[in-house]
Amino acid sequence: AQSVTQLDSHVSVSEGTPVLLRCNYSSSYSPSLFWYVQHPNKGLQLLLKYTSAATLVKGINGFEAEFKKSETSFHLTKPSAHMSDAAEYFCVAYQGGKIIFGKGTRLHILP
Amino acid sequence: GAGVSQSPRYKVAKRGQDVALRCDPISGHVSLFWYQQALGQGPEFLTYFQNEAQLDKSGLPSDRFFAERPEGSVSTLKIQRTQQEDSAVYLCASSPGTSGVYYEQYFGPGTRLTVT
């Protein structure tokens, strides 16, 4: 069965240091992949999406993600964390008419 | 401009009561989705509308769950005879495209349902 695994439920980084949020998917062929961010008491917001064009996808707020088919990964990165990045992040896969969310990674930014 | 709105934001229901959750999508958006998000989990797909047509309801957990979008805009998710396991945040999302997820989904803030 198709699944999305976010390898870390919590990640803490210091402000100004790089961010890495990991996501692996299981699928027999390449799905469409997304990252969403959820700030407290706000709706989910799309950060970026991969739909079989360029494997390196740039999103909003300086985030980017690289699709690696050989590793079945779609990790989210940002070179320098900002306090406003503190939120819950969800990796999402769409394939075969099914939408699958990962369990989420809570990103904490240390001053 | 106005985003997706949901009402009520919070709902407490006694077990066995019926509840109705409302979603106002962005005007003109063709696609509408409902999701259920349990505490500490990611959202799980419930159902999908394209205009007034419910094209996919495979995620509805039981026949106590019913969704409608009669005029292709506002949608209502109804849960009959609520059970404690129905406690969750219910998210609504709308999208301008007819291919659903291939277009950005715009999410509402959710309705937190607590069944006591």
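Residues numbered from 1 in each chain as written. Chains lettered and ligands numbered in written order. Predicted model: local features only at pLDDT ≥ 70, side-chain atom pairs only at ≥ 80, totals over all residues. Heavy atoms only, no water.

As for the pattern of salt bridges
Residues and elements named next belong to chain A. Just so we agree on the cut-off: Criterion for a salt bridge: a side-chain nitrogen of Lys or Arg within 4 Å of a carboxyl oxygen of Asp or Glu. For the exposure calls, accessible area comes from a 1.4 Å probe over protein chains only, and a residue counts as buried if that area is under 20% of its type's maximum, exposed if over 50%, partly exposed in between. Helix and strand labels come from DSSP, where a helix needs a run of H or I of at least four residues and a strand needs a run of E of at least two; each type is numbered from the N terminus.
Under the defined criterion, the tally for this structure stands at seven salt bridges over all chains. Notably, a salt bridge pairs Asp85 with Lys78, separated by 2.8 Å at the nearest N-O pair. In this pair, the class of Asp85 matches that of Lys78, namely buried. Where Glu88 meets Arg106, a salt bridge forms, and the shortest distance between an N and an O atom there is 2.9 Å. Remark: Arg106 occurs in strand β12 (residues 105-110) and Glu88 occurs in strand β10 (residues 87-95); sequence separation between them is 18 residues. The buried category is assigned to Glu88, whose relative accessible area is 12%.

Side note on the pairing of strand β8 (residues 75-79) of chain B
Residue and element names in this part refer to chain B. Here is the rule: Here, a strand pair is defined by DSSP locating no fewer than two bridges between the strands.
Taken across its five residues, β8 has four buried, putting it largely inside the fold. As paired elements, strand β7 (residues 65-68) and β8 share four bridges and run antiparallel to each other. Looking across to β8, one finds that Phe65 is bridged to Ile79. The hairpin turn running from β7 into β8, its antiparallel successor, is six residues long, and Gly72 in that turn takes a positive phi close to 75°.

Comments concerning the sheet that holds strand β1 (residues 5-7) of chain B
Residue and element names in this part refer to chain B. Going by this rule: Fitting a line to C-alpha atoms yields each axis, with helices limited to the stretch in contact; the angle taken between N-to-C directions then spans 0 to 180 degrees.
In space, the four strands of this open sheet follow the order β1-β3-β8-β7, with antiparallel pairing throughout. Because the sheet does not close on itself, it has two edges, and the strands there are β1 and β7. Direction aside, neighbouring strands of the sheet carry axes that sit 15° apart on average. Sheet analysis places β1 next to strand β3 (residues 19-24), joined by three bridges and oriented antiparallel. Each bridged residue has a counterpart across the sheet, and for Gln6 the counterpart in β3 is Cys23.

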